[in-house]
Amino acid sequence: MSEAQKQPRVYIFDTTLRDGEQSPGCSMTVPEKLRMAAKLVDLGVDIMEAGFPIASEGDWEAVRRVSEEFPGVRVAALARATKGDVERAATSLEKAKRPRIHTFIATSDIHLEFKLKKSRQQVLEDAVRAVELARKYVDDVEFSAEDATRTDIAYLEEISLAVVAAGATTVNLPDTVGYSVPEDYSERIGRIARLLGDRAIVSVHCHDDLGLAVANSLAAVKAGARQIECTMNGIGERAGNCSLEEVVMVMKTRRDFYPYDTNIVTEQLYPASQLLSSIITFGPQPNKAIVGANAFAHEAGIHQDGYLKNKSTYEIIDPHSVGVPAGKLILGKHSGRHALKERVKELGFEELTKEQLDMVYEFFTNAADNKKGFTNEEITEFIETALEKSAEKVS
Ligand code: KIV
Ligand code: ZN
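Predicted model only: the values in this text are computed from it and were never measured. (Residues numbered from 1 in each chain as written. Chains lettered and ligands numbered in written order. Predicted model: local features only at pLDDT ≥ 70, side-chain atom pairs only at ≥ 80, totals over all residues. Heavy atoms only, no water.)

### Some details on the overall build of the protein
Scanning the protein from N- to C-terminus turns up 16 helices and 10 strands. Looking at the 395 residues of the protein, the share that counts as buried comes to 53%. Considering only contacts in the protein between residues 6 or more positions apart, those separated by 24 or more positions represent 73%. With an accessible surface of roughly 17,500 Å², the protein has 51% of that area assigned to carbon and sulfur atoms. Across the protein, the 48 positively charged side chains and the 61 negatively charged ones have centroids separated by 3 Å. (Helix = DSSP H or I, 4+ residues; strand = E, 2+ residues; numbered from the N terminus. Buried < 20%, exposed > 50% of the residue type's maximum accessible area, 1.4 Å probe, protein only. Contact = heavy atoms within 4.5 Å. Areas by Shrake-Rupley, 256 points an atom, 1.4 Å probe, with all protein chains shown as cover. Lys, Arg positive; Asp, Glu negative; His and termini not counted. Charge placed at Lys NZ, Arg CZ, Asp CG, Glu CD.)

### Considerations on the pairing of strand β3 (residues 74–80)
Counting buried positions over the seven residues of β3 gives five, a clear majority of the element. As paired strands, strand β2 (residues 47–51) and β3 are joined by four bridges and run parallel to one another. Paired with Glu49 across the bridge in β3 is Ala76. In this view, the connection linking β2 to its parallel neighbour β3 by way of helix α4 (residues 57–69) has right-handed handedness. Relative to strand β4 (residues 99–106), β3 runs parallel, the two being bridged by six bridges. (Pairing = 2+ DSSP bridges. Right-handed = clockwise from strand over helix to strand, strands pointing away.)

### As for the site of ligand 1
The full set of residues close to ligand 1 is Arg18, Asp19, His102, Phe104, Ser144, Glu146, Asn172, Pro174, Thr176, His205 and His207. Here Arg18 contributes a side-chain N or O atom positioned 3.0 Å from an oxygen atom of ligand 1. Within the side chain of Asp19, a nitrogen or oxygen atom sits 3.0 Å from an oxygen atom of ligand 1. Notes on ligand 1: free accessible area 260 Å², of which the protein chains cover 94%. (Near = heavy atom within 4 Å. Polar contact = N/O pair within 3.5 Å; in protein donor to acceptor, adjacent residues only side chain to side chain.)

### Regarding the coordination of the zinc ion (ligand 2)
Here the zinc ion (ligand 2) is held by Asp19 (OD), His205 (NE2) and His207 (NE2), and the distances to it run 2.0 to 2.1 Å. Within one chain, the residues serving as donors to the zinc ion (ligand 2) are arranged as D-x185-H-x1-H. In this structure His207 comes out as buried when scored by relative accessible area, which is 4%. (Donors = N, O, S within 2.8 Å, 3.2 Å for Na, K, Ca; no water.)

### Details of unusual backbone geometry
Even without being a glycine, Asp147 presents a positive backbone phi close to 60°. As for its placement among the helices and strands, Asp147 is situated in the loop between β5 (141–146) and α8 (153–166). The backbone of Asn233 shows a phi angle near 60°, a positive value even though the residue is not glycine. Among the structural elements, Asn233 can be located in the loop between β8 (227–230) and α11 (244–253).

### Section: the sheet that holds strand β6 (residues 170–175)
Strand order around the closed barrel formed by eight strands is β1-β2-β3-β4-β5-β6-β7-β8, with parallel pairing between neighbours. Going from strand to strand, the sheet's axes swing by 25° on average, the running direction of each strand aside. On the sheet, helix α5 (residues 83–92) packs against β3 and β4 and is oriented at approximately 160° with respect to β3. (Axes fitted to C-alpha atoms, helices over the stretch in contact; angles between N-to-C directions.)

### Looking at the domain arrangement of the protein
Frequently, the measure chosen for interface size is the accessible area removed from exposure when the parts meet. For the protein, the assigned domains are domain 1 (3–279) and domain 2 (297–394). Here the C-alpha centre of domain 2 lies 46 Å away from the C-alpha centre of domain 1. The interface is formed by eight residues belonging to domain 1 together with eight residues belonging to domain 2. Approximately 530 Å² of surface area, both sides summed, lies buried where domain 1 meets domain 2, with 68% of it carried by carbon and sulfur atoms. The interface formed by domain 1 and domain 2 holds three residue pairs in polar contact (both at pLDDT 80 or more) in total. Elements supplying a minimum of two residues to the side of domain 1 that touches domain 2: α11 and α12 (269–279). Across the side of domain 1 that touches domain 2, the residue classes tally to four nonpolar, two polar and two charged. (Domains from an automatic or database assignment. Buried area = accessible area lost by both parts, 1.4 Å probe. Nonpolar A, V, L, I, M, F, W, Y, C, P; charged D, E, K, R; others polar.)

### Brief notes about the layout of surface pockets
Each pocket or cavity is described by its volume, and for the largest pocket that value is around 320 Å³. In this structure, the largest pocket is lined by 26 residues; those nearest its centre are Asp208, Asn233, Gly234, Ala239 and Lys288. Partitioned by chemical class, the residues of the lining of the largest pocket number 11 nonpolar, 11 polar and four charged. (1 Å grid on protein atoms, 1.4 Å probe; cavity = no way out; pocket = protein on both sides within 12 Å on 5 of 7 lines; lining within 4 Å. Points joined across faces, edges and corners; volume = space filled by probe spheres on them.)

### Some thoughts on α8
Under the 1.5 Å per step criterion, the end-to-end length of α8 is 20 Å for 14 residues, consistent within 8% with the ideal 20 Å. Regarding α8, the residues found buried are Tyr155, Leu156, Glu157, Ile159, Ser160, Ala162, Val163, Val164 and Ala166. Buried residues belonging to α8 abut α7 (120–137), β5, β6 and α9 (182–196). (Expected span 1.5 Å × (residues − 1).)

### What about the packing of aromatic side chains?
Applying the stated criterion across every chain yields a total of six aromatic pairs. Linked through ring pairs, Tyr361, Phe363, Phe364, Phe374 and Phe382 together constitute an aromatic cluster. Above the ring of Tyr258, the side-chain terminus of Lys222 is found at 5.4 Å from the ring centroid. (Phe/Tyr/Trp six-rings, centres within 6.5 Å; stacked < 30°, edge-to-face > 60°. Lys NZ or Arg CZ within 6 Å of the ring centre and 35° of its normal.)

Following this line, the structure appears as structure tokens:
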């Protein structure tokens, strides 16, 4: 392992505003990108990819405004490996304090034959030329070998060495179509990381078509990658990109397996997720890890009982550490007396007798089979009925 690869620091490259934005229902206006960018700065991302300047005026403007208004963060602009794209990216970054040009070209035979209709040699020359041109404008140049995980490994090695010799400081090996699995990705990343040593940072960029984007990214870090490209809420092309909140929280929670450091302020994860949901057209699914509405909700009676005795029985992450106000107990058909009693207390009925509480529990279980859950108003109604009935008994 090289010196850089021995370091535990992993750079978080956020592409919510570029790869995330380029998926259905996620497009953002310039002001929306600026709002999200401010939150990503609070979150502590190292690099923020703000757009693909050649794609539209809006993307060009977004990169320009983000890089002007947030000088403390490294801002990346995406460009295909062509003169026009690289020059357009360079102009969008003119006011940036810490600019990065991120240039890419596909390297797999499938893409070469059907999409680019170019030979391996031509693609290699395009890549080198684009990196050399980008280096005329900025010192920080990232090269991505699109579809790297379906690229012939010897060719991937050749092109990686060539772009580094041309001035690339980061080499990204994307699993563009989400085809890789951890063992395969780790082997590939390890080979390139050993080959490049300290000459460049090796980066990973995983799509989630097989649900393995986070696992693949972590396997790659273990193999020597030191930059992870990811998005908030895992948004992105098709099944999305590696989820920032998940990959960061795995490293924080399981340091025994992943002893790596990031600069992420984890308390900002949930606020960032919420802000993104309010900007795009959808939020994370309720059972999404870390930021989903149910990520810290407990409904089963056995779980609720354990949780009320000690939270660590059923919570591996303190919700406050990711900015979620608190874990919550859901009252539904699987809930038990312990949780119901707690809710009754929270609703201000501290003095209920055991008999009254039993009555509330009976009303609750009778109704629970046909319900998806109960509101506080419904529980209050059960309590009031129980109180009335016990008063009738006494009189
Ligand atoms: O998935 C991909 O290959 C990309 C590149 C442009 C980095 O998004
Ligand atoms: Zn991508």
